[in-house]
Amino acid sequence: DSGVTQTPKHLITATGQRVTLRCSPRSGDLSVYWYQQSLDQGLQFLIQYYNGEERAKGNILERFSAQQFPDLHSELNLSSLELGDSALYFCASSASLGMNTEAFFGQGTRLTVV
Amino acid sequence: GDSVTQMEGPVTLSEEAFLTINCTYTATGYPSLFWYVQYPGEGLQLLLKATKADDKGSNKGFEATYRKETTSFHLEKGSVQVSDSAVYFCALGRNTGTASKLTFGTGTRLQVTL
């Protein structure tokens, strides 16, 4: 158990809909990262938050947004869903801003868009 | 930008065989390098890391050495076990001081048979 909790584990929804994925980081971790894992694109970095502030953006679509709340949990919002958004979405957390501390990954949310 | 290239899988080995999974990277400066492992149905777990040139990361019998001259971070294990069957990801960590992210390779599936 990494200590990072993601809910829900599975999500099936229709095209055009909106969903929210939730992540609770390890206790005390200030950094939260979101990644998308798909068969054709592999693991893609989406976005990083640190102590409530957005710090880095990767290949995140405009239809996607995220935030980190004062209690440090994070949500990834995906809207106007398309079939191609079907993927495994991972959240990771780390204690500090940098890459020298280990990032711990949750078990992921598997999103299926039908 | 940063990129990571790792050998295509799947790799199928007999138990007790020697394992090498090649990983090379393209990056400026001095990134950190990581190997993550993903067991079926689980999130990624850090296997080992190296933060500067010539560092050797090791864990659970796995080793990798940060070679700046060849921009490589190959994963090795002297004697694999069935329980090592998983997908292995090489990753590069970039820390800009105000943000950080991991760039992953495409993953290499390892299957170990008796």
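Our subject is the structure that appears above.
Every chain is numbered on its own, with residues counted from 1 as its sequence reads. Written order determines the labels here, with chains lettered from A and ligands numbered from 1. For a predicted model such as this one, the threshold for reporting local features is a pLDDT of at least 70, and the threshold for listing and counting side-chain atom pairs is 80 or more; totals across whole chains, interfaces and linings nevertheless cover every residue. Heavy atoms from the whole structure form the basis of all side-chain values; hydrogens and water molecules are not counted.

Asks: Teacher, can you tell me more about the state of the cysteines here?
Replies: As used here, a disulfide is simply a covalent bond connecting the sulfur atoms of two cysteines. The definition used for a disulfide is geometric: two cysteine sulfur atoms within 2.5 Å. Counting across every chain of the model gives two disulfides over all chains. What pairs with Cys-23 of chain A in a disulfide is Cys-91 of chain A, and their sulfur atoms sit 1.8 Å apart. Its S-S torsion of approximately -55° makes the covalent link between Cys-23 of chain A and Cys-91 of chain A left-handed. Residue Cys-23 of chain A is found in strand E3 (residues 19-24), and its partner Cys-91 of chain A is found in strand E9 (residues 87-94); the two are separated by 68 residues along the sequence. The pair formed by Cys-23 of chain A and Cys-91 of chain A is uniform in burial state, with each residue classed as buried. Cys-23 of chain B shares a disulfide with Cys-90 of chain B; S-S distance 1.9 Å. As the torsion about the S-S bond is roughly -70°, the Cys-23 of chain B-Cys-90 of chain B disulfide counts as left-handed. Taken as a pair, Cys-23 of chain B in strand E4 (residues 23-26) and Cys-90 of chain B in strand E10 (residues 86-95) lie far apart in primary sequence, 67 residues in all. Helical segments are the DSSP runs of H or I of at least four residues, strand segments are the runs of E of at least two, and each set is numbered from the N terminus. Throughout, exposure labels follow a simple rule: accessible area from a 1.4 Å probe, protein chains only, divided by the maximum for the residue type, with under 20% read as buried, over 50% as exposed, and the rest as partly exposed.

Asks: Quick question: what am I supposed to make of the pattern of salt bridges here?
Replies: For side chains of opposite charge, pairing can occur when their charged atoms come near one another. We define a salt bridge as a side-chain nitrogen of Lys or Arg found within 4 Å of a carboxyl oxygen belonging to Asp or Glu. Tallying each qualifying case throughout the model produces nine salt bridges over all chains. Residues Asp-55 of chain B and Lys-52 of chain B are paired through a salt bridge, measuring 3.3 Å at the closest nitrogen-oxygen approach. Where Lys-56 of chain B meets Glu-63 of chain B, a salt bridge forms, and the shortest distance between an N and an O atom there is 3.6 Å. Each of the salt bridges in this network shares a partner with another, and the network as a whole consists of Arg-63, Glu-82 and Asp-85 of chain A.

Asks: What exactly am I supposed to notice about the pairing of strand E11 (residues 100-104) of chain B here?
Replies: Two faces, one strand: in a regular strand the side chains alternate between the faces of the sheet. The buried count for E11 of chain B comes to four of five residues, which makes it a mostly enclosed element. When DSSP finds two or more bridges between two strands, those strands count as paired. Connecting E10 of chain B to the antiparallel partner E11 of chain B that follows it, the hairpin turn spans four residues, and Gly-97 of chain B within it adopts a positive phi of roughly 100°.

Asks: Can you walk me through the sheet that holds strand E8 (residues 62-65) of chain B in this structure?
Replies: The strands making up a sheet associate through hydrogen bonds between their backbones, and the pairing can be parallel or antiparallel. All names here are of chain B. Strand order in the open sheet formed by four strands is E3-E9-E8-E7, and the pairing between neighbours is antiparallel. Edge positions in the sheet fall to strand E3 (19-21) and strand E7 (56-59), since each has one partner strand and no second. Each adjacent strand pair in this sheet contributes to an overall mean axis angle of 15°, direction not counted. In this analysis, axes come from line fits to C-alpha atoms, helices being fitted only over the stretch in contact, and the angle between any two N-to-C directions falls in the range 0 to 180 degrees.

Asks: How should the interface of chain A and chain B be read in this particular structure?
Replies: Often the size quoted for an interface is simply the accessible area lost on bringing the parts together. Any pair of residues with heavy atoms lying within 4.5 Å of one another is described as a contacting pair. With 20 residues of chain A at the interface, the matching set in chain B holds 22 residues. Surface buried jointly by chain A and chain B totals about 1,700 Å² across both partners, of which 57% is contributed by carbon and sulfur atoms. Taken together, the links from chain A to chain B amount to zero salt bridges. For this analysis, a polar contact is any N or O atom pair within 3.5 Å, provided that within protein one partner can donate a hydrogen and the other can accept it, and provided that sequence-adjacent residues contribute only side-chain to side-chain pairs. The interface formed by chain A and chain B includes three residue pairs in polar contact (both at pLDDT 80 or more). Those elements that place two or more of their residues in the side of chain A that touches chain B are strand E4 (31-38), strand E5 (42-50), strand E6 (53-57) and E9 of chain A. Simply put, the buried area is the total loss of 1.4 Å probe accessible area from both parts when two parts are fitted together.

Asks: What is the right way to read the packing of aromatic side chains from this model?
Replies: Here a ring pair, both rings aromatic, is described through the centre-centre distance and the interplanar angle of the planes. In summary, the pairing rule links any two rings of Phe, Tyr or Trp, Trp by its six-membered ring, whose centres are within 6.5 Å, and it sorts them by plane angle into stacked for under 30 degrees, edge-to-face for over 60 and tilted for everything else. All chains considered together, the criterion is met by 12 aromatic pairs over all chains. An aromatic cluster of three or more residues is present, and its members are Tyr-35, Phe-45, Phe-90 and Phe-105 of chain A together with Phe-34, Tyr-36, Phe-89 and Phe-104 of chain B. Taking NZ or CZ as reference, Arg-26 of chain A lies 3.7 Å from the ring centre of Phe-104 of chain A, over its face. Distance and angle both matter: a charge sits over a ring if NZ of Lys or CZ of Arg is within 6 Å of the ring centre and within 35 degrees of the ring normal.

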